[in-house]
Amino acid sequence: MAKVEILQVGPYPEWDQAPLDAAFTAHRYFEANDKPALLTQVGPHVRGIATRGELGADAAMIAACPDLEVIAVYGVGYDAVDLGACKARGIKVTNTPDVLTNDVADLGVAMMLAQSRGMIGAEKWARDGSWASKGLYPLQKRVWGKKAGVLGLGRIGFEVAKRLAGFDLDIAYSDVAPKDYARDWTFVQSAVDLAARSDFLFVTLAASAKTRHIVNIDVINALGPDGMIINISRAANIDEEALLDALESGRLGSAALDVFEGEPTLNPRFLELENVMLQPHHASGTFETRKAMGALVRENLMAHFDGKPLLTQVL
Ligand code: 8YV
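Residues numbered from 1 in each chain as written. Predicted model: local features only at pLDDT ≥ 70, side-chain atom pairs only at ≥ 80, totals over all residues. Heavy atoms only, no water.

J.: How should the side chain of Q17 be read in this particular structure?
T.: Examined against the element boundaries, Q17 turns out to sit in helix 1 (residues 14–23). Overall, the relative accessible area of 7% leaves Q17 in the buried class. Other than its neighbours up to four places away in sequence, Q17 contacts Q8, Y12 and R28. (Helix = DSSP H or I, 4+ residues; strand = E, 2+ residues; numbered from the N terminus. Buried < 20%, exposed > 50% of the residue type's maximum accessible area, 1.4 Å probe, protein only. Contact = heavy atoms within 4.5 Å.)

In structure tokens:
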């Protein structure tokens, strides 16, 4: 029997590519020099799309595949998939929740610690001889015992807060409503009020049109010159221009960011700043988690084409 044809939007590691190619005819969108031409050529045969969280599938791509049945996202965030187009045509969407939660939380907390304690600069200090020539490394900011705000207490936010409790941080969170599994932590309705009581503000919201720029100039100002923003969700959750202005002027103390508008290209203003830690969107980037994510993408696609229930369906 002929293999089902799918469109592969971005690259996967070899350990995922081989089994994907064994099960499907995967048309590699990311390798095509002329992407619209590839869509015109293969779109009519495509029944599934395998994509990545940050790449998604836009309206034009979905429209080019009239027999599309399912989109499998390698990532928990599916904000880059045009859900309206999927809904209108009954196209199913799956993602890879749970398997990446702990790694994403680990990186967020590691970023807070590394940035507060100036670990990147300290590494350079030890390596470039500054320790011997200039003396002791400048003092940095304490973490333990301070106040943390978690904006979005979903799976990842919950794991962040659990880890922060280990550092004796005073934890508050904001979400659409208080969570009964978060009784030890303070619920704060608004993002501005959460920021006003926080030294560290973790952005852990699933991105959507509703959360776009939820971290706006008011939230940033409320966090203030001693505050730090840690973003392990999506860039669109923060007004990046307002963030840059505040970091440049010192109205905001610092930031540790794993996600950026227009990534992988960064706004060059970030590169001039010393009070920001830049990470290349790799919070889920461990061998163990990425293998589990790849397997879940395939299992969802195979379940769909075998007529079985999807494992992690979001639409
Ligand atoms: C991945 C992500 O880095 O889960 C998500 O939503 O953005 C990340 O886990 C990405 O999807 C891998 O391409």
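The structure having been displayed, the exposition proceeds.
J.: Before we go on, may I ask you to explain the packing of aromatic side chains in this structure?
T.: Each pair of aromatic rings is reported with the distance of its centres and the angle of its planes. A full pass over the atoms with the stated rule returns eight aromatic pairs. Both rings, one in Y12 and one in Y74, keep their centres 5.0 Å apart while their planes meet at 55 degrees; by these two values the pair is tilted. Residue Y12 is found in the loop between strand 1 (4–8) and helix 1, and its partner Y74 is found in strand 4 (residues 70–74); the two are separated by 62 residues along the sequence. Residue classification places Y12 among the buried residues on the basis of a relative accessible area of 10%. On the basis of relative accessibility, which here comes to 5%, the residue Y74 falls in the buried class. Centroid distance W15 to F287: 6.0 Å. Interplanar angle 55 degrees. Geometry classified as tilted. (Phe/Tyr/Trp six-rings, centres within 6.5 Å; stacked < 30°, edge-to-face > 60°.)

J.: Can you help me understand the pairing of strand 10 (residues 228–231) in this one?
T.: It is a general feature of regular strands that their side chains alternate between the two faces of the sheet. Covered by surrounding structure in strand 10 are M228 and I230 together with I229 and N231, the residues of both alternating faces. The sheet contact formed by strand 9 (residues 200–203) and strand 10 spans four bridges and is parallel. Bridging from a neighbouring strand, F200 pairs with M228 of strand 10. Regarding topology, helix 10 (residues 217–223) serves as the crossover connection from strand 9 to the parallel strand 10, and that connection is right-handed. One ladder, built from four bridges, connects strand 10 with strand 11 (residues 254–257); its direction is parallel. In the sheet register, I230 faces strand 11, and the bridge partner there is A256. Between the parallel elements strand 10 and strand 11, the chain passes through helix 11 (residues 240–249) in a crossover that is right-handed. (Pairing = 2+ DSSP bridges. Right-handed = clockwise from strand over helix to strand, strands pointing away.)

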